[in-house]
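Listed below are the residues making up each chain.
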Amino acid sequence: MIAAKNNKLFIGEVAASDLARKFGTPLYVYDEETMRSKVSALVQNIAYRPLRIFYAAKANTNLSVLKIIRDEGKGVVGIDAVSPGEIEIALKAGFKPGQVIFTSTSVTDDEMKFAISRKVLVNCDSLSQLERYGRLNPNSKVCFRVNPDVGAGHHGHVITGGPESKFGIWAADVGKAFGIAAKYNLRIVGIHEHIGSGILETDKFLAAMKVLLSIIEKNKSKLTDLEFVDFGGGIGVPYRPDQKPIDFVRFGAAVSRLFESFCSSFGKKMSLIIEPGRFLVAESGVLLCTVNTVKQTPKHKFVGVDTGFHHLIRPMAYGSYHPIVVVDRCTSEKTEKVAVCGNICESGDVFTRDEHGIVDRELPQIKEGDVLAILVAGAYGFSMSSNYNTRPRPAEMLVKGREVKVVRKQEDLSHVVYGM
Ligand SMILES: Cc1ncc(COP(=O)(O)O)c(C=O)c1O
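### Some points on the overall build of the chain
- Within the chain, the secondary structure is distributed over 12 helices and 21 strands.
- Over its C-alpha trace the chain gives a radius of gyration of 22 Å, about what one expects of a compact globule, namely 22 Å for 420 residues.
- With the C-alpha coordinates of the chain rotated into their principal frame, the extents come out at 70 × 50 × 40 Å.
- Partitioning the intrachain contacts of the chain with sequence separation of at least 6 by distance along the chain shows that 72% fall at a separation of at least 24.

Right, dumping it as structure tokens:
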């Protein structure tokens, strides 16, 4: 659990300030118990069986994280991989090839050959990819992604259904996909959609499920080999104090009911697949950083820290909100409005912002040397990090109760200075 005890932030049973003191900052820290609780919440609340949960590894590909998810998933959990690298790391984490699906976009033949060589099912994103896949691997199983013309998500960049989205085979073109599959004797074992990311309104997810199921129903005669329907990921988590978590008892029941009744009218019991990324890891992660500068302009009091958008790009990329706490006084009577900014040489490098610019945040009075924790940073945090400004990436740590383990070493200058 990540929570305040006696006004200090604890990750598991370890004080965040102790981690910062011992390992330095910036530092990514993940709480194993939180991660496990998210996996089991999904497995338990979606009663439909056979159920498969393909963790969208892009959210966090740390090998130890993947191993925890595999272990807690007990055979139900597999991996949604979007690149040869993600396929390789999934296999390294112990997932079997049959537990991995390769769902990428703008895919090269070499990437498909790689997936085929690893015996991983390819989920085709376009008619042209399906054609090329048929040529490369005729007489095999395949899945394809449909753009159901329904999209949702926390930001335009992550809405992946509808005419503005580059993803999937447009619903009206699905008939052409059957023609290609027949030409190469491909058995269509799966149909997939993914409408977007960060969805808290489960009605949208259920509506998109219904659209995909109606497409499948209309094309029933062409889908005699169908083994599963994959409804993608996108399950949101609360970042802002006013956002509520999804009610998984209701959501799980609704998803199960819908698919159960579809399968009985379709006349075949198929696997239900969902592909959560963020949901499984976001709340288990924090990014610790130290305040090194406090300065005032006529408009803002800037609190400068030793990390930036090269380590957590979500605020800069989407205007995303992340809760921030001062680790040794999570609440205080004495507060002030500040802008928490990073160490990257761009004015947009501010953690307390929305899409339009800086939004000051009410925090306990901050001084140089204070350690801050940027919360809900376990998904799309480290995995989207870079070496921009020729800066090394931080270490990643895993906490299990009192145990603390380095699960990725901090980079140093040898990682960023080419030829060193
Ligand atoms: C195909 C696919 N599945 C699943 C996901 C996971 O989304 P989320 O992390 O919002 O659950 C993504 C995210 O981009 C995706 O592209």
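### What about the site of the ligand?
- As a matter of local geometry, the ligand sits amid 16 residues, with Ala 56, Ser 197, Gly 233, Gly 277 and Arg 278 nearest to it.
- Here the shell around the ligand is composed, by residue class, of 5 nonpolar, 8 polar and 3 charged.

### Section: the domain arrangement of the chain
- The assigned domain composition of the chain is domain 1 (2-29 + 282-416) and domain 2 (32-278).
- Using only C-alpha atoms to locate each centre, domain 1 and domain 2 end up separated by 32 Å.
- The interface is formed by 22 residues belonging to domain 1 together with 18 residues belonging to domain 2.
- Those elements giving two or more residues to the side of domain 1 that touches domain 2 turn out to be helix H11 (314-318), strand E20 (395-400) and strand E21 (403-408).
- For the side of domain 1 that touches domain 2, the leading source of residues is E20, giving 4 residues.

### With respect to the packing of helix H6 (residues 127-136) against helix H7 (residues 174-183)
- One way to put it is that H6 packs onto H7 with a least axis distance of 9 Å and a crossing angle of 5°. Classified by the angle their axes make, H6 and H7 are roughly parallel. On the side of H6, the interface is formed by Leu 127, Leu 130, Glu 131 and Gly 134, while H7 contributes Lys 176, Ala 177, Ile 180, Ala 181 and Lys 183.
- The residue inventory of the contact of H6 with H7, partitioned by class, reads 5 nonpolar, 1 polar and 3 charged.

### With respect to the pairing of strand E17 (residues 335-341)
- As paired strands, strand E15 (residues 301-305) and E17 are joined by 3 bridges and run parallel to one another. Within E17, the residue paired with Phe 302 across the bridge is Ala 339.
- When E17 meets strand E18 (residues 361-364), the two strands line up antiparallel, connected through 4 bridges. Across the sheet, residue Thr 335 finds its bridge partner in E18, namely Pro 364.

### So, unusual backbone geometry
- The peptide bond linking Thr 25 to Pro 26 adopts the cis configuration, its omega dihedral lying at -5°.
- The residue Pro 26 is located in the loop between helix H1 (16-23) and strand E4 (27-31) in this model.
- A positive phi is found at Asn 7, a non-glycine position, where the angle reads about 70°.
- Its place among the elements puts Asn 7 in the loop between strand E1 (2-5) and strand E2 (8-11).
- Asn 7 gets classed as partly exposed once you count the C-beta atoms within 10 Å, which come to 14.
- Even without a glycine there, the phi angle at Thr 390 is positive, about 55°.
- Within the element layout of this structure, Thr 390 appears in the loop between strand E19 (371-374) and E20.
- Thr 390 sits in the exposed class, given 11 other C-beta atoms within 10 Å.

### Re the nonpolar core
- Ala 16, Val 29, Phe 144, Val 286, Leu 288, Leu 372 and Ile 374 are the most contacted members of the largest nonpolar core, which totals 118 residues.
- Domain assignment of the residues forming this core places at least three in each of domain 1 (2-29 + 282-416) and domain 2 (32-278).
- Residues in contact with Leu 288, not counting those within four places in the same chain, are Ala 16, Leu 19, Ala 20, Thr 25, Pro 26, Leu 27, Val 29, Val 371 and Ala 373.

### Concerning H1
- Taken as a whole, H1 has its buried residues at Ala 16, Leu 19 and Ala 20. Considered in projection along H1, the buried side chains sweep an arc of 100° and stay on one side of the axis. The exposed residues of H1 that point more than 90 degrees off its buried face are Arg 21 and Lys 22.
- Positive backbone phi, approximately 80°, marks Gly 24, located one or two places after H1.

### Description of the sheet that holds strand E3 (residues 14-15)
- The strand order E1-E2-E3 describes an open sheet built from 3 strands, whose pairing is antiparallel. In this open sheet, the two edge strands, each paired with only one partner strand, are E1 and E3.

Parameters at a glance
- Residue positions are counted from 1 within each chain, in the order its sequence is given.
- Totals for whole chains, interfaces and linings use all residues, but because this is a predicted model, local features are given only for residues with pLDDT of at least 70 and pairs of side-chain atoms are given and counted only at 80 or more.
- A helix here means a DSSP run of H or I that spans at least four residues, while a strand means a run of E at least two residues long, and both kinds are numbered starting from the N terminus.
- Values of the radius of gyration come from C-alpha atoms, whereas the globule rule sets the reference at 2.2 Å times the count of residues to the power 0.38.
- The contact rule is simple: place each C-beta atom from the backbone, and if two of them lie within 7 Å, those residues are in contact.
- To decide nearness, the C-beta atom of each residue is placed from the backbone, and the residue is near a molecule or strand if that atom lies within 6 Å of it.
- Basically, the charged four are Asp, Glu, Lys and Arg, the nonpolar ten are Ala, Val, Leu, Ile, Met, Phe, Trp, Tyr, Cys and Pro, and anything else, Gly included, counts as polar.
- A domain assignment, automatic or from a database, supplies the domain bounds used here.
- Only the stretch in contact is used when a helix axis is fitted, and all axes are lines through C-alpha atoms; the angle between N-to-C directions ranges over 0 to 180 degrees.
- Note on terminology: angles under 35 degrees are roughly parallel, angles over 145 are roughly antiparallel, angles of 65 to 115 are roughly perpendicular, and the others are oblique.
- Pairing between two strands is assigned when DSSP locates at least 2 bridges connecting them.
- With C-beta atoms placed from the backbone, a residue is labelled by how many other C-beta atoms lie within 10 Å of its own: buried for 20 or more, exposed for 12 or fewer, partly exposed between the two.
- Each nonpolar core comprises buried Ala, Val, Leu, Ile, Met, Phe, Trp, Tyr and Cys residues, the members being joined through C-beta atoms within 7 Å.
- In this description, one arc is meant: the one made by directions from the helix axis to the C-beta atoms.

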